[in-house]
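# Chain and residue survey
Take a look at the letters that make up each chain.
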Amino acid sequence: MHGQVRSAFFALVSGARVRIGFDRPIKRELTISAEHDLKNVPNHGWRGAREGSWIAYTHRISIPTLDVHAIDRYLWVGSLLGFDDEPPDLAIHLSPETIHTVERLLEEHGVPAGKPLVVLVPGTIWETKHWTIEGFAGVAREFLRQGFAVALAGTKRDETRCRQIAAAAAGTINLCGKTTPADLAALIRRAEVAVTNDSGSMHVAASLGKPMVSVFGPTNPVHIGPYQRPESVVRVDLPCSPCNYRRLSQCPFDHACMKQVTPAIVVERVRKIVAMAK
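Since this is a predicted model, take the numbers as computed values, not measurements. (Residues numbered from 1 in each chain as written. Predicted model: local features only at pLDDT ≥ 70, side-chain atom pairs only at ≥ 80, totals over all residues. Heavy atoms only, no water.)

### As for the environment of Glu231
For Glu231, the location among the structural elements is in the loop between helix H9 (221-224) and strand S10 (233-234). Overall, Glu231 belongs to the partly exposed group, its relative accessible area being 31%. Glu231 sits 38 residues away from Arg269 along the chain, and the two C-alpha atoms are 8.5 Å apart. Setting aside residues up to four positions removed in sequence, Glu231 forms contacts with Arg269, Ile273 and Met276. (Helix = DSSP H or I, 4+ residues; strand = E, 2+ residues; numbered from the N terminus. Buried < 20%, exposed > 50% of the residue type's maximum accessible area, 1.4 Å probe, protein only. Contact = heavy atoms within 4.5 Å.)

As structure tokens, this is what we get:
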């Protein structure tokens with residue numbers, strides 16, 4: 001479905017008589033949708049099957065537009081496979097054991113059952129998608145002041161960022177590297193709200209139906225934002241964003257798209273999202 005030549009090669013040599021993939025790339029245009037009107041046309045990002053990989057497919061999925069969420073785009077394959085027209089079920093089901101594990105973990109860190117919780121997940125793979133340390137710390141300090149418990153979560157790769165945020169917001173619980181993927185889902189499920197970058201944790205929160213706020217900069221929320229949750233996206237309207245740059249060294253504007261998002265902006269959006277969920 002990504003449309004890379006290596007996956008097309010493996011599909012071809014598998015001997016399968018039916019090989020389904022997207023058609024050749026189409027021209028990129030301004031991103032305009034019911035939720036967002038983004039003026040910039042990035043030079044990078046998915047436009048269709050790449051590197052001639054469409055040649056390996058016996059059935060090609062046409063690409064009528066790029067202004068569609070990736071989930072809906074992948075579901076275009078359904079017309080070839082006989083899917084029904086019902087909305088996709090993205091629910092995440094957690095075992096009672098996993099939920100109990102997270103409850104015990106929180107209690108060990110001084111968060112009793114029933115205490116309101118905010119979960120911050122500050123990590124993601126692209127360095128350009130990282131909101132600032134001070135941004136997450138500012139959100140943590142505000143909710144600690146309001147009497148919430150605040151927990152940081154992520155993988156071992158995120159430990160340095162989480163330590164810096166915890167140091168800048170005294171009282172924040174640092175659970176980074178202490179949860180499995182299932183535990184992380186249960187932790188987000190336990191929270192009143194989750195605050196993330198554009199990351200896998202964002203999609204977990206969306207699938208759990210939890211109130212959430214995600215900070216976007218170089219990536220396009222129309223394509224890969226929280227599914228059917230445009231109100232959860234926080235971004236500043238800059239002519240250079242989105243750009244799809246992966247490395248900070250590529251950005252000629254000092255990462256303005258993320259640095260101009262302030263803790264006050266995110267806290268205000270969190271309040272609105274939580275109020276909407278009640």
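Next comes the rest of the account.
### A closer look at the nonpolar core
Counting 30 residues, the largest nonpolar core has Leu120, Trp131, Val139 and Val266 as its most contacted members. Mapped by element, the contributors of at least two residues to this core are strand S5 (117-121), helix H5 (133-145), strand S6 (149-152), helix H6 (159-168), strand S8 (193-197), strand S9 (212-215), helix H10 (256-259) and helix H11 (263-277). With five residues, H5 is the largest single contributor of residues to this core. Leu120 has contacts with Phe136, Val139, Ala140, Val150, Ala151, Leu152, Ala153 and Val195, leaving out every residue within four places of it along the chain. Grouped together as the second largest cluster of nonpolar side chains are 26 residues, Ala153, Ala185, Ala206 and Val233 included. (Core = buried A, V, L, I, M, F, W, Y, C linked by side-chain atoms within 4.5 Å.)

### Focus: unusual backbone geometry
Of note, the amide linkage connecting Ser241 to Pro242 takes the cis form, showing an omega dihedral of 5 degrees. Backbone geometry places Gln228, a non-glycine residue, at a positive phi of 55 degrees. Of note, Gln228 is situated in the loop between H9 and S10. Residue classification places Gln228 among the exposed residues on the basis of a relative accessible area of 62%.

### Looking at helix H7 (residues 181-190)
By the burial criterion, the buried members of H7 are Asp183, Leu184, Ala185, Ala186, Leu187 and Ile188. Tucked inside the fold, the buried residues of H7 contact helix H4 (96-108), S5, S8 and helix H8 (200-208).

### Remarks on the sheet that holds strand S7 (residues 173-174)
Strand order across the open sheet formed by six strands is S7-S6-S5-S8-S9-S10, with parallel pairing between neighbours. The open sheet has two edge strands with one neighbour each: S7 and S10. Pairing analysis gives four bridges linking S5 to S8, with the strands arranged parallel. Across the sheet, the residue bridging to Leu120 is Val195, located in S8. Along the sheet, H11 contacts S8, S9 and S10; its crossing angle with S9, the most-contacted strand, is approximately 150 degrees. (Pairing = 2+ DSSP bridges. Axes fitted to C-alpha atoms, helices over the stretch in contact; angles between N-to-C directions.)

### Quick word on the pattern of salt bridges
Going through the model one piece at a time under the given rule, you end up with nine salt bridges. The salt bridge partner of Lys259 is Asp254, with a shortest N-O separation of 3.0 Å. On the accessibility criterion, Lys259 (46% relative accessible area) is partly exposed. With a relative accessible area of 55%, Asp254 lands in the exposed category. Connected via shared salt-bridge partners are Glu142, Arg145, Glu268 and Arg271. (Salt bridge = Lys/Arg side-chain N within 4 Å of Asp/Glu carboxyl O.)

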